Amino acid sequence: MPFCARKAYEGCHAHQSEADRTVTSSLTAVSAEDKAKTRAIVPVSMKGYDADFQAFSDALGASFSRYGFAVIADHGLDQGLIDAAVNDAKAFFALPEDVKRQYHQPGTGGARGLTPFGVEAAKGAKAVDLKEFWHTGRELPEGHPYRKYMRDNVWPTEVEGFRQHVYGLYEGLDELGRRVLKAIARYLKLDDDYFEDKVQLGNSVLRLLHYPPIPADAEGVRAGAHEDINVITLLLGAEEAGLQLKDSDGEWLDIAPPAGALVVNIGDMLQRLVNHVLPSTTHRVVNPAPERRGFARYSTPFFLHFNPDFPIETLPSTITPDNPDRYAGKTILAEDFLTERLKEIRLI
């Protein structure tokens, strides 16, 4: 996961306890020599969330400010549940094509169920992405006003336990995402709970991604260069090589987190809300090296969204003489923003 050298955050916490200093330094300290050699983003541990929330928020926010990405270790999600959901995804994608296609819902923007191989493309790309995926969304009670925005989930009957495991992972990532947003709010000097009533019923989706083996003459890449639409994305399964971000100098940098870590990135909705104080960074998934072409790649990004009727309007605190409002007079509802972008990537 090579990155340009930069301290995870500025300043020291002179009044930390020895235990807190140990937690914080183990998460953020790396020698200049190591940085120059590895150019690696420094993982931030969720253990620091309770030990020193301010230091955790500073480190996480500084990573987002610099790269638009952060790596979170010790995320606390149930590894058994993660493994079960991934195994269910593998079992589903291994089904015959005609069986899988029963769960494709054309004309729905890929909101639920299967989006087959060769459908989605990055904005402006000529070639489609070399992937297929499954979407699971929020389940709402009958009569809820947001049901007009959120379709019912569909569940494959061929894979036992699929619903239990996949929706369990959805709920775990949804909760973790809200905790991460508390830290982002602290970094932005907002109330810690600023995002809570804006995302608690967001139109968020869990994507089970399958990138099949790549033939030598494949046209296109597993995922073309793009930015995410949503607020933040929480990604499990990035250990397999291929994920890259485009740094501010235009160089593509690999993201290869430690085993079991979570990759989190800023999406366009949040970038717009905070007037680009936190960037939504271009990223892609490139095709594997020849010796890995015969292997599939699986990952599970959770796209956390605002509530559908939330108006995305620049936060006044992010408008300064050096950073004037980029979206003056351009307030847009989260659902309308999502629809515009789904059209751009050929899902609508």
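In this text the structure is predicted, and so the values were computed from the model without any measurement.

Quick look at helix α4 (residues 53-67) now. Given a rise of 1.5 Å per residue, 15 residues ought to cover 21 Å, and the 21 Å separating the end C-alpha atoms of α4 matches this to within 8%. Within α4, 13 of the 15 residues are buried, which leaves the element mostly enclosed by the surrounding structure. Where α4 terminates, the next one or two residues include G68, which has phi positive at roughly 80°.

The sheet built from four strands is open, its strands ordered β6-β11-β8-β9 with antiparallel pairing. One side of each edge strand has no neighbouring strand; the edge strands of this open sheet are β6 (223-226) and β9 (252-254). Put simply, the sheet's adjacent strands are angled 20° from each other on average, direction ignored.

Glancing now at the pattern of salt bridges. Two side chains bearing opposite charge may form a pair once their charged atoms approach each other closely. According to the stated counting rule, one finds 21 salt bridges in the structure shown. Notably, a salt bridge pairs E120 with R207, separated by 3.2 Å at the nearest N-O pair. One end of the pair, E120, is in the loop between β3 (113-115) and β4 (132-137); the other, R207, is in strand β5 (residues 205-211), and 87 residues separate them in sequence. You can call E120 buried: its relative accessible area is 7%. Of the charged contacts in the structure, one is a salt bridge between E142 and R147, with a shortest N-O distance of 3.6 Å. Taken together, the shared-partner salt bridges in this structure form one network comprising R138, D174, E175, R178 and E196.

A few words on the confidence of the model for the protein. Summary statistics for the protein give a mean pLDDT of 87 and a share of 89% for residues scoring 70 or more. Residue range residues 1-38 is modelled with pLDDT below 50. Its contacts to residues more than four positions away, or to other chains, number 71 contacts.

A separate point is the side chain of S45. Within the fold, S45 resides in strand β1 (residues 44-45). On the basis of relative accessible area, S45 is assigned to the buried category, the value being 1%. In this structure the side chain of S45 is engaged in a polar contact, spanning 3.0 Å, whose partner is the backbone nitrogen of K47.

We now examine the pairing of β4. For β4, the buried fraction is high: six of the six residues fall into the buried class. With burial as the criterion, each face of β4 is covered, one bearing E132, W134 and T136 and the other bearing F133, H135 and G137. Sheet analysis places β3 next to β4, joined by three bridges and oriented antiparallel. What sits directly across from T115, in β4, is F133. Two strands pair when backbone bridges link them, and β4 and β5 are joined in this way by six bridges, in the antiparallel orientation. Across the sheet, residue H135 finds its bridge partner in β5, namely R207.

Criteria and cut-off values
- Residues numbered from 1 in each chain as written.
- Predicted model: local features only at pLDDT ≥ 70, side-chain atom pairs only at ≥ 80, totals over all residues.
- Heavy atoms only, no water.
- Helix = DSSP H or I, 4+ residues; strand = E, 2+ residues; numbered from the N terminus.
- Expected span 1.5 Å × (residues − 1).
- Buried < 20%, exposed > 50% of the residue type's maximum accessible area, 1.4 Å probe, protein only.
- Pairing = 2+ DSSP bridges.
- Axes fitted to C-alpha atoms, helices over the stretch in contact; angles between N-to-C directions.
- Salt bridge = Lys/Arg side-chain N within 4 Å of Asp/Glu carboxyl O.
- pLDDT = per-residue confidence, 0-100.
- Contact = heavy atoms within 4.5 Å.
- Polar contact = N/O pair within 3.5 Å; in protein donor to acceptor, adjacent residues only side chain to side chain.

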